[in-house]
Amino acid sequence: MGVCGSGKSTVGEILAKRLSIPFFDGDDFHPEENVAKMSKGIPLDDNDREGWLEALNKKAHEIKEGVFACSALKEKYRKVLFKGLEGKAHLVYLHGSYDLIDSRMKARENHFMPPGLLASQFETLEEPKYGLRISIDQNPDDMMNEIIEKLPKPTQEFGLIGLGVMGKSLARNLAGKGFKLGLYNRYVKGSEEQVAENFIAEHDELSAAKGFEDLSLFIGSLSTPRKIFLMVNAGKVTDLVIDELKPLLAKGDIIIDGGNSHFTDTERRIADLKEHGLHFVGSGVSGGEEGALKGPSIMPGGDKEAYEKIAPYLEAIAAKDKNGGDCCTYIGKGGSGHFVKMIHNGIEYAEMQLLAEVYAILRYVNKYSPEEISETLQNWEKGGLSSYLLEITHKLLLKKEGETHLIDIILDKAGNKGTGSWTTVSMAELGIPATLISSALFARYISSFKAKREAYESFFGLEATEHAKIEVNELKQAYELARIVNHQQGFELINEASDKYGWELNLSELARIWTNGCIIRSELMETLIETLKTSTDLLKTVEKSDLLLKLNALRNVCSAAIQVGISIPCHLSSVDYLNANLYNHPTANIIQAQRDFFGAHTYERRDDASGKKYHTQWE
Ligand code: 6PG
């Protein structure tokens, strides 16, 4: 494309010859009325152009290969020209200055388009923001060579969009496994320029990768069916990128969303893309920057057939379990991959909070220094409680800035990106009490009201009560039991979703792929692989005597914290969950009586197992 006089017919013709494919000149497709109009010096209007553009598009559909020359000045014309050819046709825009083209046109003989029309062409021109941009400030052969050199050839086997921290690490991981990548990062003037190309230049393992900031060139570089990993922000940005991709892709292409997307968004996207013949795989990816680089845990869900095609790539880059198996497995249909990642993050929230509470008890009850707390956790690590989160916690406690521990400089105000709140909404909807997760979420929310907390502190000026030291072993037992409750609740939530949404999830496999690469990997998770083959009832794996010991420890820890005035919502939630489940001290009978009293909501009776509903006239 290009304005009249840009040389598109000349260059198109030699290009077609060189490629041994047919050439089609757009001018030859004009109906007589159009030619007559132009000969009289009257510019064509959109109506005149409509049939002409459709005729060109029709021709392009009929042939297998070819070069077309057409002015295609407006975006809406290009839309007609490329209709149904997205991803199969490439746009080459020949651009040059008005003066240069004007002088060339004046030198041209026997052409129906008088030079005076050039001004109107430039007025109509909407420069394309995609495709190849070739300067006409060179001879036709050089232009042709530049086109051939730059025309995307489908040489890259796997594409990745979004070179943020996670995207870059995944790209290096994939390239390190020998895959030829196409990498795309958007162009933002001044802040994101040549991101992909620069990134490739910085890393030897990326020498076979190709970088793009033009989406259509990127798509053109990928072999079909295209496999494209999206590593962009969840939410609106993901939708925007998908919308840009849709017209460029061909039937059978696969988009993999590796972000923390909400599973209902994933289900919507699967349905939408299916209508276009495209596959969408919503994949949880856990492990942070280092995990992405060295081996994350990957949770892909969606179309099984699409998964089979991307499995070699995802499985190759995933972390390995104890037996060398890949920490990546097909999770299930629909949004199940993103659902389990969401619950992974919920469990992560509670595991983090439990460790923060252990820290609080050791620091504020036992008056331990950060070094002593770190040492305590290191001992626990050796004593059967190793986990990634425990490891980073004992490490971070030792970090100093000058003489001061960094943790004493960090403001106690926790952030979040949403997955914990989604999990909490989900458990409420599914009717599953994953109380440690919601407690951990609300602990973060309470922490965020820092000013309010400070105001209370100075208003009341309360002194913390002293309490005898907690036995470290007792604290360890309490923490151990609370973690079992957290994992049980999390897996019960997944199990319920699996039943309700018909996903047929394999919980044991899920535990297996969570034994390495992900944030909640731990020794405990290793043991769950076996347990979850038959049940989510993790408590039953604890011996009665052991349970009693741990429960007592949990009670002592909780009462000490309550007396000193330390907030430990996750330990409290776990002891409360255990009290409610392990003992029979009815309270819901009162709730039922109240409901029936004020609203005739009825109740069931202990002495009638039939499930019959009773109502009482209370007054
Ligand atoms: C992971 C993490 C990762 C990220 C969370 C943090 O599995 O790699 O869970 O997804 O760290 O998004 O979430 P918050 O910002 O909500 O704590």
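Within each chain, residues carry numbers counting from 1 in the order of the written sequence. It should be noted that, the model being predicted, local features are given only for residues of pLDDT at least 70 and side-chain atom pairs only at 80 or more, the latter also being counted only at that level, while totals for whole chains, interfaces and linings use all residues. Excluded from the side-chain calculation are hydrogens and water; included are all heavy atoms of the structure.

Is there a simple way to think about the overall build of the protein in this case?
Working definition: helices are DSSP H or I runs of at least four residues, strands are E runs of at least two. Numbering for both runs from the N terminus. When helices and strands are counted, the protein shows 26 helices and 13 strands. For 619 residues, the compact-globule estimate of 2.2 N^0.38 gives 25 Å, and the protein exceeds it by more than 25% at 32 Å. Its C-alpha atoms give the protein principal-axis dimensions of roughly 100 × 70 × 55 Å. A 1.4 Å probe rolled over the protein chains alone gives each residue an accessible area, and that area as a share of the maximum for its type sets the label: buried under 20%, exposed over 50%, partly exposed in between. By residue count, 49% of the 619 residues in the protein fall in the buried class. For the protein, restricting intrachain contacts to residue pairs at least 6 apart in sequence, the fraction spanning at least 24 positions comes to 71%. Using a 1.4 Å probe, the Shrake-Rupley method yields the accessible areas, and only the shown protein chains count as cover for residues. For the protein, the accessible surface area stands at approximately 30,400 Å², while carbon and sulfur atoms represent 51% of it. Counting rule for charge: Lys and Arg are taken as positive, Asp and Glu as negative, and neither His nor the chain ends is counted. By convention, the charge on Lys lies at NZ, on Arg at CZ, on Asp at CG and on Glu at CD. A gap of 1 Å separates the mean positions of the 72 positive and 89 negative side-chain charges of the protein. C-alpha atoms define the radius of gyration in this analysis, and the globule rule sets the expected value at 2.2 Å times the number of residues to the power 0.38. Two residues qualify as a contact provided that any one of their heavy atoms is within 4.5 Å of a heavy atom in the partner residue.

What is the right way to look at the packing of helix α15 (residues 336-365) against helix α25 (residues 569-582) in this model?
How two helices pack is summed up by the angle between their axes together with the distance between the axes. Fitting a line to C-alpha atoms yields each axis, with helices limited to the stretch in contact; the angle taken between N-to-C directions then spans 0 to 180 degrees. Packing of α15 against α25 leaves a shortest axis separation of 8 Å and a crossing angle of 110°. Relative to α25, α15 is oriented roughly perpendicular. The residues of α25 that touch α15, namely those facing Ala 350, Gln 353, Leu 354, Glu 357 and Val 358, are Pro 569, Cys 570 and His 571. In this classification, Asp, Glu, Lys and Arg are treated as charged, Ala, Val, Leu, Ile, Met, Phe, Trp, Tyr, Cys and Pro as nonpolar, and every other residue, Gly included, as polar. For the contact of α15 with α25, the residue count by class is five nonpolar, two polar and one charged. What sets the label is the angle itself: under 35 degrees gives roughly parallel, over 145 gives roughly antiparallel, 65 to 115 gives roughly perpendicular, and the rest give oblique.

Would you take a moment to explain the site of the ligand for this structure?
If even one non-hydrogen atom of a residue comes within 4 Å of a molecule or strand, that residue is called near it. Taken together, 14 residues are adjacent to the ligand, and Ser 286, Glu 348, Tyr 349, Lys 417 and Arg 444 come closest. Counting of polar contacts relies on pairs of N or O atoms within 3.5 Å, with two restrictions inside protein: one atom must be capable of donating a hydrogen and the other of accepting it, and residues adjacent in sequence are counted only when both atoms are side-chain atoms. Between the ligand and Asn 260, the relevant distance is 2.9 Å, taken from an oxygen atom to a side-chain nitrogen or oxygen of the residue. Protein chains shield 80% of the accessible area of the ligand, which is 410 Å² for the free molecule. Element by element, the count of residues in the shell around the ligand is highest for α15, at five residues. In the shell around the ligand, the residues fall into two nonpolar, eight polar and four charged. Domain extents, as shown, originate in an automatic or database domain assignment. Residue contributions to the shell around the ligand reach at least three from each of two domains, namely domain 2 (158-334) and domain 3 (341-582).

Any chance you could explain helix α17 (residues 388-396) here in plain terms?
What sets the pattern is the α-helix's 3.6 residues per turn: residues three or four places apart point alike. Burial in α17 covers these residues: Leu 389, Leu 390, Thr 393 and His 394. Projection of α17 onto a plane perpendicular to its axis shows the buried side chains occupying an angular sector of 130°, all on one side. Close packing links the buried residues of α17 with α15, α16 (370-385) and α21 (472-501). To be clear, the arc concerns the directions from the helix axis to the C-beta atoms.

So what exactly am I meant to see when it comes to the packing of aromatic side chains here?
Note on aromatic pairs: each is described by the distance of the centres and the angle between the planes. A pair of Phe, Tyr and Trp rings is counted when the ring centres sit within 6.5 Å of each other, with Trp represented by its six-membered ring. The angle between the planes then sorts it: under 30 degrees is stacked, over 60 is edge-to-face, the rest tilted. Within this structure, the stated rule accounts for 23 aromatic pairs. On the basis of an interplanar angle of 90° and a centroid distance of 4.8 Å, the ring pair of Phe 459 and Phe 460 is categorised as edge-to-face. Judged by its relative accessible area of 52%, Phe 460 falls in the exposed class. Aromatic pair Phe 491 and Trp 514: ring centres 5.8 Å apart, planes at 50°, arrangement tilted. In this pair, Phe 491 sits in helix α21 while Trp 514 sits in the loop between α22 (507-513) and α23 (523-531), placing the two residues 23 residues apart along the sequence.

I'm lost on the domain arrangement of the protein in this one. Help?
Reports often express the size of an interface as the amount of accessible area lost when the parts come together. If you check the domain split of the protein, you get domain 1 (8-150), domain 2 (158-334), domain 3 (341-582) and domain 4 (586-619). The partner domain 3 presents 22 residues to the 28 residues of domain 2 that form the contact. Once two parts are put together, the accessible area they lose, assessed with a 1.4 Å probe and summed over both, is termed the buried area. Summed over both partners, the interface of domain 2 with domain 3 buries about 1,800 Å², with 60% contributed by carbon and sulfur atoms. Summed over the three residues of domain 2 that lose the most area to domain 3, namely Asn 260, Phe 263 and Met 299, the buried surface amounts to 25% of that side. Mapped by element, the contributors of at least two residues to the side of domain 2 that touches domain 3 are α12 (263-275), β10 (279-286), α13 (288-294) and β11 (297-302). Of the residues belonging to the side of domain 2 that touches domain 3, the class tally is nine nonpolar, 13 polar and six charged.

Is there a simple way to think about the pattern of salt bridges in this case?
Side chains bearing opposite charge may pair, as long as their charged atoms lie close to each other. In the sections that follow, a salt bridge refers to a side-chain nitrogen of Lys or Arg positioned within 4 Å of a carboxyl oxygen of Asp or Glu. Inspection of every chain in the model, using the stated rule, returns 38 salt bridges. When the shortest N-O distance is used, the salt bridge between Lys 37 and Asp 45 registers 3.9 Å. Residue class for Asp 45 comes out partly exposed when judged on its relative accessible area of 36%. When the shortest N-O distance is used, the salt bridge between Lys 450 and Asp 412 registers 2.6 Å. Taken as a pair, Lys 450 in helix α20 (residues 450-460) and Asp 412 in the loop between β13 (404-405) and α18 (419-430) lie far apart in primary sequence, 38 residues in all. In this structure Asp 412 comes out as partly exposed when scored by relative accessible area, which is 41%. Residues participating in the shared-partner salt-bridge network are Asp 239, Asp 257, Asp 265, Arg 268 and Arg 269.

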